[in-house]
Amino acid sequence: VQLQASGGGLVQAGGSLRLSCAASGLTFGYYVMGWFRQAPGKEREFVAAITWNGGNTYYADSVKGRFTISRDNAKNTVYLQMNSLKPEDTAVYYCAAMRKLNYYSDYASYDYWGQGTQVTVSS
């Protein structure tokens, strides 16, 4: 199983980025997909999750209203559209896959992880 995250970069506060995570080696439509992030010196934290057919989405309070998670099962890809970015959004962003819906905000619930993509927001 491979989860390949991309789309990170350097952006000014107030700007936008769109992260992508391409999955292979698994039946993508059977997996809940999530995004987490980890800033230097901090624990990995939940950002967003989306159920198998996209019918339900979940967000951390810190990103609600600014970030949107979506998925395209035909392309085996999950996306994270990030708008109104803030310096505190700076982190490495990871995508993850969970076979059975469990505690979607708990990183221990996820079965597979991507390698991460750096997002840096300058003030």
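Analysis parameters
- Residues numbered from 1 in each chain as written.
- Predicted model: local features only at pLDDT ≥ 70, side-chain atom pairs only at ≥ 80, totals over all residues.
- Heavy atoms only, no water.
- Disulfide = S-S within 2.5 Å.
- Helix = DSSP H or I, 4+ residues; strand = E, 2+ residues; numbered from the N terminus.
- Buried < 20%, exposed > 50% of the residue type's maximum accessible area, 1.4 Å probe, protein only.
- Salt bridge = Lys/Arg side-chain N within 4 Å of Asp/Glu carboxyl O.

K.L.:
Describe the state of the cysteines, and please don't skip the residues or the numbers.
P.N.:
Tallying each qualifying case throughout the model produces one disulfide. Between the sulfur of Cys21 and that of Cys95 lies a disulfide, 2.1 Å long from S to S. One quick way to see it: the torsion about the S-S bond of Cys21 and Cys95 is about 60 degrees, and its sign makes the bridge right-handed. Highlighted residues: Cys21 in strand E3 (residues 17-24) and Cys95 in strand E9 (residues 91-98), separated in sequence by 74 residues. The class for Cys21 is buried, based on a relative accessible area of 0%.

K.L.:
Break down the environment of Gly65 for me, with residues and values.
P.N.:
Secondary-structure assignment places Gly65 in the loop between strand E6 (57-59) and strand E7 (67-72). Residue class for Gly65 comes out exposed when judged on its relative accessible area of 81%. On a C-alpha basis, the gap between Gly65 and Asn53 in space is 21 Å, while along the polypeptide they are twelve residues apart.

K.L.:
An account of the pattern of salt bridges is needed here, citing residue identities and associated values.
P.N.:
Counted under the stated rule, the structure contains four salt bridges. Arg37 serves as the salt-bridge partner of Glu45, at 2.5 Å between the closest nitrogen and oxygen. Among the residues examined, Arg37 registers a relative accessible area of 5% and is labelled buried. The salt bridge partner of Lys64 is Asp61, with a shortest N-O separation of 3.2 Å. In this structure, a network of salt bridges that share partners links the residues Arg37, Glu45, Arg66 and Asp89.

K.L.:
Could you give an account of unusual backbone geometry, naming the residues involved and the relevant values?
P.N.:
One non-glycine residue, Asn76, lies in positive phi territory at about 55 degrees. As for its position among the elements, Asn76 is in the loop between E7 and strand E8 (77-82). Positive phi outside glycine occurs at Ser84, with the angle close to 50 degrees. The residue Ser84 is located in the loop between E8 and E9 in this model.

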